[in-house]
Amino acid sequence: MDDSAVRAARDVQATFSRLRRRWRDEIDVRDLTPSQTSVLLVLGKEGPASGSALAAKEGVRPQSMAATLSALEAQGLVRRDLDPGDGRRQVVSLSAAGRSWFDGSRSAREEWLVVGLRERLSEDERRTVIAAMALLDRAARPSPS
């Protein structure tokens, strides 16, 4: 393997892990478990989903997801509605309170990162970050078939 590619991959993984941890620190987690927080973030980013789709995305058993969703519903953060395309299924979405939590969490994470970039990096360094993100995005895309 190419040494620079290995080092770049390790550095990217380590940096994104640190960013994820810091973003979690910026979220108002109340009494939410990591699983509940993750589900709220998925629903906020991707929109309504079935419980089975959420279980697959999160890599948990449907029974575990059902317990997570029941807890979130009890806290008023999600709601379940009949799937308009298939009345036998339910779709889960953020409630108004869940949307408010998601929007506030996103704002807090963004604000934290903006402050860090502004206070710790020069304008040229921020431009380098923007260019590096474009390169990482290109590297992360599927290879053309």
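To keep things clear, this report deals only with the structure shown in the data block. Predicted, not measured: the structure shown is a model, and the values here were computed from it.

Some details on the pattern of salt bridges
Under the defined criterion, the tally for this structure stands at 11 salt bridges. Its salt-bridge partner being arginine 7, residue aspartate 11 comes within 3.3 Å of it at the nearest N-O pair. Taken together, the residues span about one helical turn, with aspartate 11 and arginine 7 both in helix 1 (residues 3–26) at a distance of four residues. Connected through salt bridges with shared partners, the residues Arg99, Asp103 and Arg106 form a single ionic network.

Some thoughts on the environment of threonine 15
Note that threonine 15 resides in helix 1. You can call threonine 15 partly exposed: its relative accessible area is 35%. Residues threonine 15 and aspartate 83, spaced 68 residues apart in sequence, show a C-alpha to C-alpha distance of 39 Å.

Thoughts on a positive patch on the surface
A cluster of basic residues, Arg18, Arg20, Arg21 and Arg24, forms a positive patch on the protein surface. Checked against the element boundaries, arginine 21 lands in helix 1. Owing to a relative accessible area of 46%, arginine 21 belongs among the partly exposed residues under this scheme.

Quick notes on the packing of helix 2 (residues 34–46) against helix 5 (residues 96–120)
Direction vectors running N to C along helix 2 and helix 5 enclose 90 degrees, while the axes themselves pass 10 Å from each other. Our classification of the angle between helix 2 and helix 5 gives roughly perpendicular. Every residue of helix 5 that contacts helix 2 at Thr37, Leu40, Leu41, Leu43, Gly44 and Lys45 is listed here: Arg99, Trp101, Phe102 and Arg109.

Thresholds applied
- Residues numbered from 1 in each chain as written.
- Predicted model: local features only at pLDDT ≥ 70, side-chain atom pairs only at ≥ 80, totals over all residues.
- Heavy atoms only, no water.
- Salt bridge = Lys/Arg side-chain N within 4 Å of Asp/Glu carboxyl O.
- Helix = DSSP H or I, 4+ residues; strand = E, 2+ residues; numbered from the N terminus.
- Buried < 20%, exposed > 50% of the residue type's maximum accessible area, 1.4 Å probe, protein only.
- Patch = residues over 30% accessible without salt bridge, like charges linked within 9 Å, V, L, I, M, F, W, Y side chains within 5 Å.
- Areas by Shrake-Rupley, 256 points an atom, 1.4 Å probe, with all protein chains shown as cover.
- Lys, Arg positive; Asp, Glu negative; His and termini not counted.
- Charge placed at Lys NZ, Arg CZ, Asp CG, Glu CD.
- Axes fitted to C-alpha atoms, helices over the stretch in contact; angles between N-to-C directions.
- Parallel < 35°, antiparallel > 145°, perpendicular 65-115°, else oblique.
- Contact = heavy atoms within 4.5 Å.

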